[in-house]
Number of protein chains: 2
Amino acid sequence: MNIVNKDRRMTKQRQVILERLREVKTHPTADEVYAMVKEDLPKISLGTVYRNLDILAELGLIQKLEMAGQPKRFDGNPHPHLHGKCIACERVVDLGPDFDFGLDKKINGFKVLDYKLEIIGLCSRCQEKENKLK
Amino acid sequence: MNIVNKDRRMTKQRQVILERLREVKTHPTADEVYAMVKEDLPKISLGTVYRNLDILAELGLIQKLEMAGQPKRFDGNPHPHLHGKCIACERVVDLGPDFDFGLDKKINGFKVLDYKLEIIGLCSRCQEKENKLK
DNA sequence: AATGATAATAGTAATAGTTATCAATAAGAG
DNA sequence: CTCTTATTGATAACTATTACTATTATCATT
Ligand SMILES: [Mn+2]
Ligand SMILES: [Mn+2]
Ligand SMILES: [Zn+2]
Ligand SMILES: [Zn+2]
């Protein structure tokens, strides 16, 4: 849990970003993290938020979710798991454990080292709304 | 093959963009399409390229590939197929038919309508280079 | 072939998201 | 407490893309 070392210090800003991100189950964008953290540290700058989100992801303490054609999102849960993007409410929700795609195999001569799977559909909340309309 | 109708005209620009994109097996970005098309139409503007790539994708004549955290790429082949992104040469290569992920099912209450699968690894060309180095 | 309505264009400004720069500050080792 | 330097806040810069607009070109209709 101690990330402090020769070239990494634990600043108030870094600490609050990590804490606030860990206590939500949403997957906020950098802007949204900025808004959350400003409640505690009103003078923090957006650049600091971006910088620390990158560093925390690099350290493996959080996850950076890069969805196609949309701003990056961040996940306080560092353990790999499957995400769904709701086309109605735009939220990103947890769908449970990741598939085991089977790495290091080859497809058509291409050596598979990693993959990104993005599930698109309707979250349960939006399905309910849809049902009430008919 | 005739996309002309009440509110869609076939311009020289649109035609050349479609032709040039169809004759390459790469997956160029808008900028790269711009460079290709300028050989035929030196006065075309980048905005026109973007606009037409969107329209052609909307018409189902080409594909827009939105990779996580990188500029969009375009594919002259409109039929769904699997793509691999090489971490060495940065190229996007065709890997053959798409998996049948099985749509309309539910994962954890989330209704799956679509998905994006991005394979990351080494293309065969870069694997050869790697082998020669040892 | 000429006309006319309007889709599309070239050129450019604007925007969103993110990264880079840098003087001032503060974490933390000694 | 002191010193080194990682980090910060503020802001500029950048990249990819979209929006705006006066002018031009397509094509259905005459
Ligand atoms: Mn998650
Ligand atoms: Mn392809
Ligand atoms: Zn929803
Ligand atoms: Zn390669």
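Caption draft 1: Up close: the coordination of the manganese ion (ligand 2). All names here are of chain B. Donor atoms from the polypeptide that coordinate the manganese ion (ligand 2) comprise His-27 (NE2), Asp-75 (OD), His-81 (NE2), His-83 (NE2) and Asp-94 (OD), at 2.0 to 2.3 Å from the metal. The sequence pattern describing where the donors of the manganese ion (ligand 2) fall on their chain is H-x47-D-x5-H-x1-H-x10-D. The pair Asp-75 / His-83 is uniform in exposure class, with both members buried.

Caption draft 2: Region of the structure containing the relation of the copies chain A and chain B. At an RMSD of 0.1 Å, chain A and chain B line up after a rotation of 180 degrees and a shift of 0.0 Å along the axis. Taken together, the turn and the small shift mark the pair as related by a two-fold rotation axis. A share of 97% of the interface residues of chain A reappears at the interface of chain B, consistent with the copies meeting face to face through the same patch.

Caption draft 3: Structural view of the protein's contact with DNA strand D. The full set close to DNA strand D counts 19 residues, and Arg9(A), Arg14(A), Thr48(A), Arg51(A) and Arg9(B) are the nearest of them. Restricting attention to atoms of DNA strand D within 4 Å of the protein, one finds that 74% of them are sugar or phosphate atoms. Side-chain polar atom of Arg14(A) to a phosphate oxygen of DNA strand D: 2.7 Å apart, as the coordinates give it. Elements with a contribution of two residues or more to the surface near DNA strand D: helix H1 (12–22) and helix H3 (46–58) of chain A together with helix H3 (46–58) of chain B. Among the elements that make up the surface near DNA strand D, the one with the highest residue count is H3(A) (three residues). Tallied by class, residues from the surface near DNA strand D come to five nonpolar, five polar and nine charged.

Caption draft 4: Highlighting the interface of chain A and chain B. Contacts between chain A and chain B engage 35 residues on the former and 34 residues on the latter. Roughly 2,700 Å² of surface becomes buried between chain A and chain B when both sides are summed, with 66% attributable to carbon and sulfur atoms. Summed over the three residues of chain A that lose the most area to chain B, namely Phe110(A), Lys116(A) and Ile120(A), the buried surface amounts to 23% of that side. Scanning the region where chain A abuts chain B turns up zero salt bridges. Where chain A meets chain B, there are 14 residue pairs in polar contact (both at pLDDT 80 or more). Take the side of chain A that touches chain B: its biggest share by element is 13 residues, from strand E6 (residues 110–122) of chain A.

Caption draft 5: View of the protein's contact with DNA strand C. Near DNA strand C there are 20 residues, and of these Met10(A), Tyr50(A), Arg14(B), Thr48(B) and Arg51(B) occur at the shortest range. Counting only atoms of DNA strand C within 4 Å of the protein, the sugar-phosphate share comes to 75%. Arg8(B) is positioned such that a nitrogen or oxygen atom in its side chain is 3.0 Å from a phosphate oxygen of DNA strand C. The contact in question runs from a sugar or linking oxygen of DNA strand C to an N or O atom on the side chain of Gln13(B), over 2.9 Å. The class makeup of the residues in the surface near DNA strand C is six nonpolar, five polar and nine charged.

Caption draft 6: Spatial organisation of the packing of helix H2 (residues 30–38) of chain A against H3(A). Residue and element names in this part refer to chain A. Running from N to C, H2 and H3 cross one another at 115 degrees; their axes reach a closest spacing of 9 Å. If you check the angle between H2 and H3, you find them roughly perpendicular. In this structure, H2 meets H3 at a crossing whose hand is right-handed. Contact with H2, carried on its side by Ala-30, Asp-31, Val-33 and Tyr-34, involves Leu-46, Val-49, Tyr-50 and Leu-53 of H3 and no other residues of that element. For the contact of H2 with H3, the per-class residue count stands at seven nonpolar, no polar and one charged.

Caption draft 7: Expanded view of the domain arrangement of chain A. Residue and element names in this part refer to chain A. Here chain A is partitioned into domain 1 (1–77) and domain 2 (79–134). Here domain 1 and domain 2 have C-alpha centroids that lie 23 Å from each other. Contact with domain 1, which involves eleven residues of that partner, is made by eleven residues of domain 2. Summed over both sides, the interface between domain 1 and domain 2 buries roughly 880 Å², with carbon and sulfur atoms accounting for 50% of that surface. Area buried by domain 1 at its contact with domain 2 is led by His-27, Met-67 and Asn-77, which between them contribute 46% of it. On inspection of domain 1 and its partner domain 2, the count reaches zero salt bridges. Secondary structure elements with two or more residues in the side of domain 1 that touches domain 2: strand E1 (63–65) and strand E2 (73–75). Split into classes, the residues belonging to the side of domain 1 that touches domain 2 amount to three nonpolar, four polar and four charged.

What counts as what
- Residues numbered from 1 in each chain as written.
- Chains lettered and ligands numbered in written order.
- Predicted model: local features only at pLDDT ≥ 70, side-chain atom pairs only at ≥ 80, totals over all residues.
- Heavy atoms only, no water.
- Donors = N, O, S within 2.8 Å, 3.2 Å for Na, K, Ca; no water.
- Buried < 20%, exposed > 50% of the residue type's maximum accessible area, 1.4 Å probe, protein only.
- Least-squares fit on C-alpha atoms with pLDDT ≥ 70 in both.
- Contact = heavy atoms within 4.5 Å.
- Near = heavy atom within 4 Å.
- Polar contact = N/O pair within 3.5 Å; in protein donor to acceptor, adjacent residues only side chain to side chain.
- Helix = DSSP H or I, 4+ residues; strand = E, 2+ residues; numbered from the N terminus.
- Nonpolar A, V, L, I, M, F, W, Y, C, P; charged D, E, K, R; others polar.
- Buried area = accessible area lost by both parts, 1.4 Å probe.
- Salt bridge = Lys/Arg side-chain N within 4 Å of Asp/Glu carboxyl O.
- Axes fitted to C-alpha atoms, helices over the stretch in contact; angles between N-to-C directions.
- Parallel < 35°, antiparallel > 145°, perpendicular 65-115°, else oblique.
- Left-handed = near helix turned anticlockwise from the far one by under 90°.
- Domains from an automatic or database assignment.

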